[in-house]
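Working through the structure, step by step
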Amino acid sequence: MQSTFIETPSSTTNDLANLASIDGLIQAQVTFMQEWLRGQAEPLALEAWHWLAAQPMSRYINSEDIQRLINHWLLTHPLSDVMRQDIRDIMHTVMYHPVNDNMPLRELVDDTQIETLATYIGSHDEQRNALIHSFIGNEAFAELLTQTLYHAINDFMETTLDKAGGVGKLMKMGRSSFEKATNSNLDGKLQTYLHRNIKDLTRRAESNAKAHLSNEEVTRMLTTGWARIKDKPVSELQTYLSDEPNHSSIDHIEASLQQSYNRLRISPYLHSLIAASIETWYSNHQEDTFATLASSLHIDAQAVAQGSQALLPLAHDAIDSPWFSAHISQMLQAFYAQDAIKSSLANGLGSDS
């Protein structure tokens, strides 16, 4: 069998040589860039922060951008099951942490806060009187008051008759005879009478409550109540909660909050308030630089430096990653594929030979 030798044109040979040279050059540049970026990651981050800090927010962000971000990202979706479980776990950890056994309530709320609150509530007599009126004037309260008075009177009569000996027995017999003769129940008569006159009784009760619960009395009740519980540990709150697996108070609280959130996040009411709030905030800060905005969150150059230092391992791993190398290679290949660059390289290589 006769072998056939195909002669490679000199231009093709040169192209292959150039290609090999470019590939090697690209790989060397990728390696150099990775090493350089690895060494410059921290100062680059700090310089980027200094540049960003000097930029005004309004140049890049407007209030509509913020509203879209909140409406389409935060409010469109309910909290994920993972996040809800995290919330429950964190609430449980905080509420049942052993440190609560040695932490008195007064460390969470200062006496002056209670005094200020008590004085504020006590000084608003109109609101207090309206609250008393709405509470005592309620139909449920009227029924409760009727039953309470009935039981009080009945217990009093029964106790009195029991202590009266023979006279008591005689009065009981008289009561029984009266009910048979009138074909009516004395207890029912008493309840009917109380219910019929309850409005007058509630008016009296309301007047008594308003007279008793004066501004000074309300203030005194609140401060006295706080004085009784302020030295108790925070763990005392656990007595009002259930930690049973199928009846967990934490689960019920989280579910209730989630239900409220899901109802509100799609409500035009909440969207209107958020839009107005964003507009107010943006109008107050649109001329601020990012450094000024960050300073309100206590983020300064030192905090950025510390954060950059903490993120250096992540930056180094990202720089050394295959995807970063591939992107640099593609960028350089596109650069060297330009006709002007290829022509310049060809002329340079030709002059060297």
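Notes on the structure in this doc start here. (Residues numbered from 1 in each chain as written. Predicted model: local features only at pLDDT ≥ 70, side-chain atom pairs only at ≥ 80, totals over all residues. Heavy atoms only, no water.)

1. Details of the nonpolar core
Residues Met57, Ile66, Leu75, Ile274, Ile278, Tyr282, Phe290 and Leu293 constitute the largest nonpolar core, which totals 8 residues. Counting residues per element, the ones that place at least two in this core are helix 12 (268–285) and helix 13 (290–295). When residues of this core are assigned to their parent elements, the largest contribution, 3 residues, is made by helix 12. Apart from the residues lying within four places of it in its own chain, the contact partners of Ile274 are Ile70 and Leu75. In terms of nonpolar packing, the next biggest core, distinct from the first, is built from 7 residues, Ile132, Ile136, Ala142 and Leu145 among them. (Core = buried A, V, L, I, M, F, W, Y, C linked by side-chain atoms within 4.5 Å. Buried < 20%, exposed > 50% of the residue type's maximum accessible area, 1.4 Å probe, protein only. Helix = DSSP H or I, 4+ residues; strand = E, 2+ residues; numbered from the N terminus. Contact = heavy atoms within 4.5 Å.)

2. Re the packing of helix 2 (residues 63–74) against helix 12
Where helix 2 meets helix 12, the axes come as close as 10 Å, and the angle between the chain directions of the two elements is 145°. The interaxial crossing formed by helix 2 with helix 12 has right-handed handedness. On helix 12, the residues touching Ser63, Ile66, Gln67, Ile70 and Asn71 of helix 2 are His271, Ile274, Ala275, Ile278, Glu279, Trp281 and Tyr282. (Axes fitted to C-alpha atoms, helices over the stretch in contact; angles between N-to-C directions. Left-handed = near helix turned anticlockwise from the far one by under 90°.)

3. A look at the side chain of Ser321
You can see Ser321 is positioned in the loop between helix 14 (301–320) and helix 15 (322–336). Separated by 2.8 Å, the side chains of Ser321 and Trp323 make a polar contact. (Polar contact = N/O pair within 3.5 Å; in protein donor to acceptor, adjacent residues only side chain to side chain.)

4. Side note on the side chain of Glu217
As for its placement among the helices and strands, Glu217 is situated in helix 10 (residues 215–229). Residue classification places Glu217 among the buried residues on the basis of a relative accessible area of 16%.

5. Remarks on the pattern of salt bridges
Inspection of every chain in the model, using the stated rule, returns 11 salt bridges. Arg38 is paired through a salt bridge with Asp320; the nearest N and O atoms lie 2.1 Å apart. In this pair, Arg38 is assigned in helix 1 (residues 10–53) and Asp320 in helix 14, connecting sequence segments 282 residues apart. Several salt bridges converge on common partners, so that one network encompasses Arg84, Arg88, Asp251 and Glu254. (Salt bridge = Lys/Arg side-chain N within 4 Å of Asp/Glu carboxyl O.)

6. Focus: helix 11 (residues 249–265)
Under the 1.5 Å per step criterion, the end-to-end length of helix 11 is 24 Å for 17 residues, consistent within 8% with the ideal 24 Å. Buried within helix 11 are the following residues: Ser249, Ile250, Glu254, Gln258 and Arg265. As for helix 11, its buried residues are in contact with helix 3 (81–95), strand 2 (247–248) and helix 12. Capping the start of helix 11, Ser248 holds a side-chain oxygen 3.3 Å from the backbone nitrogen of Ile250, two or three residues further along. (Expected span 1.5 Å × (residues − 1).)

7. So, the packing of aromatic side chains
One pass over the structure, following the stated rule, counts 4 aromatic pairs. Ring plane angle 55° and centroid distance 6.5 Å describe the contact between Trp51 and Tyr60, whose orientation is recorded as tilted. Of the residues examined, Tyr60 reaches a relative accessible area of 40% and is grouped as partly exposed. Ring centres of Tyr60 and Phe290 lie 6.5 Å apart, and the angle between their planes is 35°; this geometry places the pair in the tilted category. Separated by 230 residues along the polypeptide, Tyr60 in the loop between helix 1 and helix 2 and Phe290 in helix 13 bring together distant segments of the chain. Phe290 gets classed as buried once you look at its relative accessible area, which sits at 18%. Ring-pair connections join several aromatic residues into one group, and the members of that group are Trp51, Tyr60 and Phe290. (Phe/Tyr/Trp six-rings, centres within 6.5 Å; stacked < 30°, edge-to-face > 60°.)

8. Some remarks on the packing of helix 5 (residues 125–136) against helix 9 (residues 198–212)
Following both chains from N to C, one finds helix 5 and helix 9 inclined at 150°, their axes separated by 10 Å at the closest point. With respect to helix 9, the element helix 5 is oriented roughly antiparallel. The crossing of helix 5 and helix 9 is right-handed. Here helix 5 contributes Asn129, Ile132, His133 and Ile136 to the contact with helix 9, which in turn contributes Thr202, Ala205, Glu206, Ala209 and Lys210. Residue composition of the contact of helix 5 with helix 9, grouped by class: 4 nonpolar, 3 polar and 2 charged. (Parallel < 35°, antiparallel > 145°, perpendicular 65-115°, else oblique. Nonpolar A, V, L, I, M, F, W, Y, C, P; charged D, E, K, R; others polar.)

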